[in-house]
Amino acid sequence: MNAHALPHHVPITVAYRGGHPENIHHGSLAVVDAQGQLLASVGDVTSPLFTRSSLKPFQAMPLIAQAADRYDLSDADVALLCASHSGEPMHVERAAELLAKIGAGESSLACGSHLPFFFSTNGITPEPGTRFNRLHHNCSGKHTGMLLLAHALGASETGYLDTSHAVQREIAQSVSHFSGVPVDRLVLGTDGCSAPNYALPLRSLAHAFARLTLDEPDAVYGNAPRRISRAMSQYPELVSGQGRNDLALMRAGRGDWVSKVGADGVQALASFSRGIGIAAKVSDGQLAPLMVAFVSALDQLDWLDAESRSALASLIPPPLKNAAGIEVGEMRAVLELKRP
């Protein structure tokens, strides 16, 4: 595993104009069972790729394993701790309530702030003068969980993003445990919210997600994997938000799928009934071609029926039209899953 070599992605989605390929989107995808067996793949599934927010279930894992009862965390709370949320009132209010459990507030969060995804995703402009703070950041739930873990460990609640901090050491162990990548081989970077993030092979990320589907307690983290995955699947609106892909995917799964997007073109998903995880990356970081390829992969795996296809239709871009309203092109998946 060369930590810094360019991955060998392959075309997974193509935008056609007049039936001729115009824009080619490269990427890779892995399908892995809970025992770590590679069932199908496309492209490069062994080069480390940054996981971004798809890592959040495993960043929340130490807290849920060690202190969920101490802070009386509900399943809805757990879902928010794993969220890349849209900054809707239900997200902001719950994050504030969780921080209050340890006497902390918005200023304790080190994630910064940005325009909530609710507006950019749904094409809505905020009312003039509307102000947003760190609670509106899509990662405020994750950061809240890190602060709760710091409190539970008796560690400082400042500097909780430092890799040497007890919180981040616990998270690195969790990521290593579920992915199978030794801690000293984890490729480290800094996420958009300033938290440490790790690059994993897609095969390892898919394996980690598959392990979230197991019913039996984990040898190290007990019932935390099951608690996290079921909470996310039960409350997809808290993990995601209106118009977002994780909400569409988990609703399409009708309780059988747990899904988590990552920034810059990462998507992971697992099926409880099958005990299988999927992880994908599009190299240019664009969400639309990633979703076109991902839905095609689900179809090739025979995971889709008429109802789920309908639920996922919103993730597929409509035909391209020019300014005169003339249809001039379309985006189509070109990936073909290969079985070992």
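So, here's what we can say about the structure. A quick note: this is a predicted structure, and the numbers were derived from the prediction, not measured.

Some remarks on the packing of helix α5 (residues 140–153) against helix α6 (residues 166–179)
- Interhelical geometry of α5 versus α6 gives an angle of 110° and a closest axis separation of 9 Å. What the angle tells us is that α5 and α6 run roughly perpendicular. On α6, the residues that touch Met146, Leu149, Ala150 and Leu153 of α5 are Ala166, Val167, Gln168, Glu170 and Ile171.

Observations regarding empty space enclosed by the protein
- Counted according to the given criterion, the structure contains 1 cavity of 30 Å³ or more.
- Size it by volume and the largest cavity reaches roughly 50 Å³.
- Gln59, Ala60, Leu63, Leu81, Lys142, Gly145 and Met146 are the residues that line the largest cavity.
- Those elements that provide at least two residues to the lining of the largest cavity are α1 (56–67) and α5.
- Residue composition of the lining of the largest cavity, by class: 4 nonpolar, 2 polar and 1 charged.

Points about the packing of α1 against α5
- The contact between α1 and α5 brings their axes to 10 Å, and the two run at 35°. Handedness of the α1/α5 crossing: left-handed. Mapping the contact onto sequence places Lys56, Gln59, Pro62, Leu63, Gln66 and Ala67 in α1 and Lys142, Gly145, Met146, Leu148, Leu149, Ala152 and Leu153 in α5.
- When its residues are assigned to classes, the contact of α1 with α5 shows 8 nonpolar, 3 polar and 2 charged.

Here we look at the sheet that holds strand β5 (residues 187–190)
- Pairing within the open sheet is antiparallel, and its 3 strands lie in the order β4-β6-β5. The open sheet is flanked by β4 (49–50) and β5, the only strands paired with a single partner.

Some thoughts on helix α11 (residues 287–300)
- When the terminal C-alpha atoms of α11 are compared, their 20 Å separation across 14 residues agrees well with the 20 Å that a helix rising 1.5 Å per residue should span.
- Across the 14 residues of α11, 10 count as buried, placing the element largely inside the fold.
- Within the span of α11, buried status applies to Pro289, Leu290, Met291, Val292, Ala293, Phe294, Val295, Ser296, Ala297 and Leu298.
- With its phi angle positive at about 65°, aspartate 302 sits one or two positions after the end of α11.

About the criteria used
- Residues numbered from 1 in each chain as written.
- Predicted model: local features only at pLDDT ≥ 70, side-chain atom pairs only at ≥ 80, totals over all residues.
- Heavy atoms only, no water.
- Axes fitted to C-alpha atoms, helices over the stretch in contact; angles between N-to-C directions.
- Helix = DSSP H or I, 4+ residues; strand = E, 2+ residues; numbered from the N terminus.
- Parallel < 35°, antiparallel > 145°, perpendicular 65-115°, else oblique.
- Contact = heavy atoms within 4.5 Å.
- 1 Å grid on protein atoms, 1.4 Å probe; cavity = no way out; pocket = protein on both sides within 12 Å on 5 of 7 lines; lining within 4 Å.
- Points joined across faces, edges and corners; volume = space filled by probe spheres on them.
- Nonpolar A, V, L, I, M, F, W, Y, C, P; charged D, E, K, R; others polar.
- Left-handed = near helix turned anticlockwise from the far one by under 90°.
- Pairing = 2+ DSSP bridges.
- Expected span 1.5 Å × (residues − 1).
- Buried < 20%, exposed > 50% of the residue type's maximum accessible area, 1.4 Å probe, protein only.

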